[in-house]
Amino acid sequence: MPDAGRQSCPAGLSGSFSGVTLGFGYLGEGGSTMAMVLGDVEVAFTTTFTFRWSDENSGAHRDGGFWHPLPPRGFHALGSLGCPSYDDPNGEVVAVCVRQAADRPAARAGPVDYRWIYDSTETGSATSGSIWRPVPPSGYAPLGDVCVAGFDKPGPSQVVCVRTDLTTPGSTSVIVWHTEGSGGTFQASMAQISAPARADGQAKAVIAPGSFVTYVPHTPSPAMNGETQILRLPPLPGPWPVMPPPLALPGAGGTQVGRALETNRGSPRADRRSIPVAADGRLLVIGGDDEPC
């Protein structure tokens, strides 16, 4: 069962191994974009979110707030953010966004529809909200549920789905909110999608999107349906690389983001190095020719 004890908003990315740490530089003032080309997708990060819904005044035993990432220009969100509090995550939480890598096979596609999962009917919350699951086109997978204000289905451009060979099952061990005590018509639990404690035996990058998935009583779980996916990316130097939670810290010139990528190669202090960052704050391609992404 997911753990209901956590009370702080999730950092957005997850997973951890001891070993080499590759730093991601910083998000500069004005929201300059960090980005990496990883195979068929380009990955960027955002710390900017727009409010969608919270259960405030519902009487639920836990507080829950739901926000949606505002991606950098040209990038797309993968799912909404769920927080086990009413705190504003802007500038404090990181979410993953993607776009198609240039001159590479198609790796992302918009959902063909959305499936209703939950809404706040009769909860007594100060605002109304609903949660929907993207229905992917054949050969693609969703990477999180979408929360919207009100009860209308999300628009097709809210998120993108990712090609299935670029995804792998994630973990849902942390509950961000559940409906117990709310008195609402519908019951559900929302869990953060995170990286597993250890990736499988193949050397690959594993990035949790920073989104959540919803469990509904008496229905097959999202995990059973293959709906708790995270990004599975090409091999990087060293076995089983993953992205653990970055630390969004106040820093000169912007928000410092650290500990963004680790690989399992010995002790935490062994062979530590950083990905070079271009003068404008963009990352240089991993394993490339030091050209900005």
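S.K.: Where do I start with the sheet that holds strand 5 (residues 49-54) in this structure?
M.R.: In a beta sheet, neighbouring strands are held together by backbone hydrogen bonds and run either parallel or antiparallel to one another. The strand order across the open sheet built from three strands is 5-6-8, with neighbouring strands paired in antiparallel fashion. Edge positions in the sheet fall to strand 5 and strand 8 (81-83), since each has one partner strand and no second. In this sheet, neighbouring strand axes are inclined to one another by 30° on average, regardless of whether the strands run parallel or antiparallel. In this sheet, strand 8 lies alongside strand 6 (residues 65-69) in antiparallel orientation, the contact comprising three bridges. From the neighbouring strand, W67 faces strand 8, where its bridge partner is L81.

S.K.: Explanation requested: the nonpolar core in the structure shown.
M.R.: Looking at soluble globular proteins, one finds that nonpolar side chains tend to be buried together. Counting residues in each nonpolar core, the largest one holds 17 residues, and the members touching the most others are V43, L78, V96, V98, I207, L231 and L233. Residue assignment for this core shows that the elements contributing at least two residues are strand 3 (35-38), strand 4 (41-46), strand 9 (95-100) and strand 21 (229-233). Ranked by the residues each element gives to this core, the list is headed by strand 4, at three residues. F66, W177, A188 and F212 belong to the second-largest nonpolar core, a separate cluster that totals 12 residues.

S.K.: How should I be thinking about the packing of aromatic side chains in this particular structure?
M.R.: Aromatic rings in a pair are described by how distant their centres are and how their planes are angled relative to each other. Scanning the model with the defined rule gives eight aromatic pairs in all. For the ring pair W53 and F66, a centre distance of 5.7 Å and an interplane angle of 15° mean the geometry is stacked. Of this pair, W53 sits in strand 5 while F66 sits in strand 6; the two residues are 13 residues apart in sequence, bridging distant segments of the chain. As far as the burial class goes, W53 and F66 line up, both buried. With a centroid separation of 6.4 Å and 55° between ring planes, the pair formed by W53 and Y118 is classed as tilted. Pair noted here: W53 is in strand 5 and Y118 is in strand 11 (residues 113-119), with a separation of 65 residues, a long-range link. Residue W53 shares its accessibility class with Y118, and that shared class is buried. Through a chain of ring-to-ring contacts, three or more aromatic side chains come together here, namely W53, F66, Y118, W177 and F212.

S.K.: Honestly, the side chain of S54 in this entry has me stumped. Any pointers?
M.R.: By the element assignment, S54 lies in strand 5. The exposure class assigned to S54 is buried, which follows from its relative accessible area of 7%. The contact partners of S54, leaving out residues within four places of it in the chain, are G64, G65, Y86, S125 and T127.

Cut-offs and rules
- Residues numbered from 1 in each chain as written.
- Predicted model: local features only at pLDDT ≥ 70, side-chain atom pairs only at ≥ 80, totals over all residues.
- Heavy atoms only, no water.
- Pairing = 2+ DSSP bridges.
- Helix = DSSP H or I, 4+ residues; strand = E, 2+ residues; numbered from the N terminus.
- Axes fitted to C-alpha atoms, helices over the stretch in contact; angles between N-to-C directions.
- Core = buried A, V, L, I, M, F, W, Y, C linked by side-chain atoms within 4.5 Å.
- Buried < 20%, exposed > 50% of the residue type's maximum accessible area, 1.4 Å probe, protein only.
- Phe/Tyr/Trp six-rings, centres within 6.5 Å; stacked < 30°, edge-to-face > 60°.
- Contact = heavy atoms within 4.5 Å.

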